[in-house]
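Descriptive analysis of the structure
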Amino acid sequence: MGVEEELLLFTSGGQRPAPAGEELAEDPDLDVEHEFKLEQAEIASEPADSADRIASDLRMRRRELIDGARERDVLVAALGTSPVGTRPTATPDERYQRMHERFGLVAGDQLTCGAHVHVGVSSRGEGIVAINGVRRWLAVLLAMTSNSPFWSGADTGYASYRNVSWGRWPTAGPTTAFTDPDDYDRVVAGLVAAGAAVDDGMIYFDARLSAKYPTVEIRVADVAQHVEDSAVLGALCRALVDTAVAAEQPDVPVAMLRAASWRAARYGLTGDLLDPVDLRPRSAANVIDRLLDTVRLALRTNDDDQLVARTVDRLLREGTGAELQRADLARSDRAHDVVRAAVARTAE
């Protein structure tokens, strides 16, 4: 498995996002990718067989990016959206320009950061089985990683407004189950032909077959302030894939998946989630317990169970990134202090 993290860049005081992404990506001493907007940068772990190794790798890569950004008087924060207002700057790229021209304001004001997990599969056919099987659990992962309550300086009332904003892309969100790889390819080709995507790289399903690697890519999560949370996200995604390919999973109507995603984005872990088994609202703690029961064997087999248990316990006690941000704002009533607190956690 591997984890990609999109990170926000800010001026030295945290008062506004800083358009330094292309400069950082062009630095030969940094292993950083540019993103859709100049106020972002992306890092990615090497493939690894344990969550602990993912955490160590991402921590090293975060520190390298932080050091490179500091030389430019720029801060790095793992936040799903910006707590302070901004006008995002398009990265100068021909493909991105086409996206802006086609999708208008949806592209223009898009400045969101997620975490994407790649899980290796033996074939595209196994990947389809995995995508179909993990679908009903992805909203739970969204709730656990919610880290974007603010948009343009205002509290949105959501735990993951990144999910809401990202969902405006016509290819984003939950999907129906696919029959086989040919069925998946027909849907993708149809979306591109319809103009809903400029190419297959714009297929933003919550879980998709990677266009570059022999993996399933799970794209539902906000980027996490604590690096351990990113590693645990990777462990849970791998465990869900392992569980899905080992035994057939029940289908869930896509309308209910959308409802589950909305509840997760709205409340995070502070309200009821939709139970993926019986599709009834239940407490977040109970739904997470059901998730862990479902993947327990896979977590133990992969030796990820202890890190997952510790991290889930902390999340239930201390709250998600969204709750941390709101608490930071309550202490000072200054949005840039939310940024600076996230900068500190990102560097831990």
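Quick look at the structure, then.

Parameters and conventions
- Residues numbered from 1 in each chain as written.
- Predicted model: local features only at pLDDT ≥ 70, side-chain atom pairs only at ≥ 80, totals over all residues.
- Heavy atoms only, no water.
- Helix = DSSP H or I, 4+ residues; strand = E, 2+ residues; numbered from the N terminus.
- Buried < 20%, exposed > 50% of the residue type's maximum accessible area, 1.4 Å probe, protein only.
- Contact = heavy atoms within 4.5 Å.
- Salt bridge = Lys/Arg side-chain N within 4 Å of Asp/Glu carboxyl O.
- Core = buried A, V, L, I, M, F, W, Y, C linked by side-chain atoms within 4.5 Å.
- Phe/Tyr/Trp six-rings, centres within 6.5 Å; stacked < 30°, edge-to-face > 60°.
- Lys NZ or Arg CZ within 6 Å of the ring centre and 35° of its normal.
- Axes fitted to C-alpha atoms, helices over the stretch in contact; angles between N-to-C directions.
- Parallel < 35°, antiparallel > 145°, perpendicular 65-115°, else oblique.
- Nonpolar A, V, L, I, M, F, W, Y, C, P; charged D, E, K, R; others polar.
- Expected span 1.5 Å × (residues − 1).
- Pairing = 2+ DSSP bridges.

Here we come to the overall build of the protein chain. Within the protein chain one finds 14 helices and 10 strands. Along the first, second and third principal axes, the C-alpha set of the protein chain runs to 50 × 45 × 35 Å. Here the protein chain holds 348 residues, and the buried ones make up 58% of them. Within the protein chain, contacts between residues at least 6 apart in sequence are counted, and of these 76% link residues at least 24 apart.

Take the pattern of salt bridges next. As enumerated under the stated definition, the model contains 29 salt bridges in all. Between D222 and R162 there is a salt bridge whose closest N-O contact spans 2.3 Å. In this pair, D222 sits in strand β8 (residues 215-222) while R162 sits in helix α7 (residues 161-166), placing the two residues 60 residues apart along the sequence. Like R162, D222 is buried. D337 is paired through a salt bridge with R334; the nearest N and O atoms lie 2.8 Å apart. If you follow the salt bridges from partner to partner, you end up with D31, E46, D57 and R61 in one network.

As a further point, take the nonpolar core. Ranked by internal contacts, the top residues of the largest apolar core, which has 104 residues, are L141, M144, W169, Y184, I218 and L236. Here this core takes 11 residues from helix α9 (residues 227-246), the largest share from any one element. If sequence neighbours within four positions are ignored, L236 has contacts with L141, M144, L292, V295, L299 and V308.

Across all of its chains, the model carries 12 aromatic pairs by this definition. When the centroid spacing of 6.1 Å and the interplanar angle of 65° are considered together, the rings of Y158 and Y161 count as edge-to-face. For the pair W166 and Y204, a centre-to-centre distance of 4.6 Å together with 45° between the ring planes defines the contact as tilted. Here W166, found in helix α7, pairs with Y204, found in the loop between α8 (181-193) and β7 (207-209); they are 38 residues apart in sequence, far enough to count as distant. Residue classification places Y204 among the buried residues on the basis of a relative accessible area of 7%. The ring of Y158 carries R266 above its face, with NZ or CZ at 5.7 Å from the centroid.

With that settled, the discussion passes to the packing of α9 against helix α11 (residues 284-301). In the contact formed by α9 and α11, the axes pass within 8 Å of each other and the chain directions differ by 85°. Here α9 lies roughly perpendicular to α11, going by the angle between them. On the side of α9, the interface is formed by A235, L236, A239, L240, D242 and T243, while α11 contributes L291, L292, T294, V295, A298 and L299. A breakdown of the residues in the contact of α9 with α11 according to their chemical character gives nine nonpolar, two polar and one charged.

Moving on, we get to helix α14 (residues 335-346). Taking 1.5 Å as the rise per residue, α14 with 12 residues should run 16 Å; its terminal C-alpha atoms sit 17 Å apart, in good agreement. Residues of α14 that are buried make contact with β1 (2-11), α2 (51-70), β3 (74-77), β5 (150-151) and α13 (321-332).

Where helix α5 (residues 124-134) contacts α9, the axes come no closer than 8 Å and their chain directions differ by 110°. Between α5 and α9, the interaxial angle falls into the category roughly perpendicular. Contacts between α5 and α9 pair E126, V129, A130, G133 and V134 from the former with L240, V241, A244 and V245 from the latter.

A separate point is unusual backbone geometry. Positioned with a positive phi, S152 is a non-glycine residue whose angle comes to about 55°. With respect to the secondary-structure elements, S152 resides in the loop between β5 and β6 (154-155). When its relative accessible area of 48% is taken as the criterion, S152 is described as partly exposed. For D333, which is not glycine, the phi torsion reads 65° and is therefore positive. Its place among the elements puts D333 in the loop between α13 and α14. On the accessibility criterion, D333 (64% relative accessible area) is exposed.

Each regular strand shows side chains that alternate between the opposite faces of the sheet. Taking every second residue as pointing to the same face, both faces of β3 are buried, with V74 and V76 on one and L75 and A77 on the other. By the bridge criterion, four bridges tie β1 to β3 in an arrangement that is antiparallel. Bridge pairing in β3 places F10 opposite L75.

Taking burial as the measure, the 10 residues of β1 include 10 buried ones, the bulk of the element. Pairing analysis gives four bridges linking β1 to strand β4 (residues 114-120), with the strands arranged antiparallel. Bridge assignment links E5 to a residue of β4, and that residue is A115. Relative to strand β2 (residues 40-44), β1 runs antiparallel, the two being bridged by five bridges.

As far as function goes, none of this settles anything; it's purely spatial.
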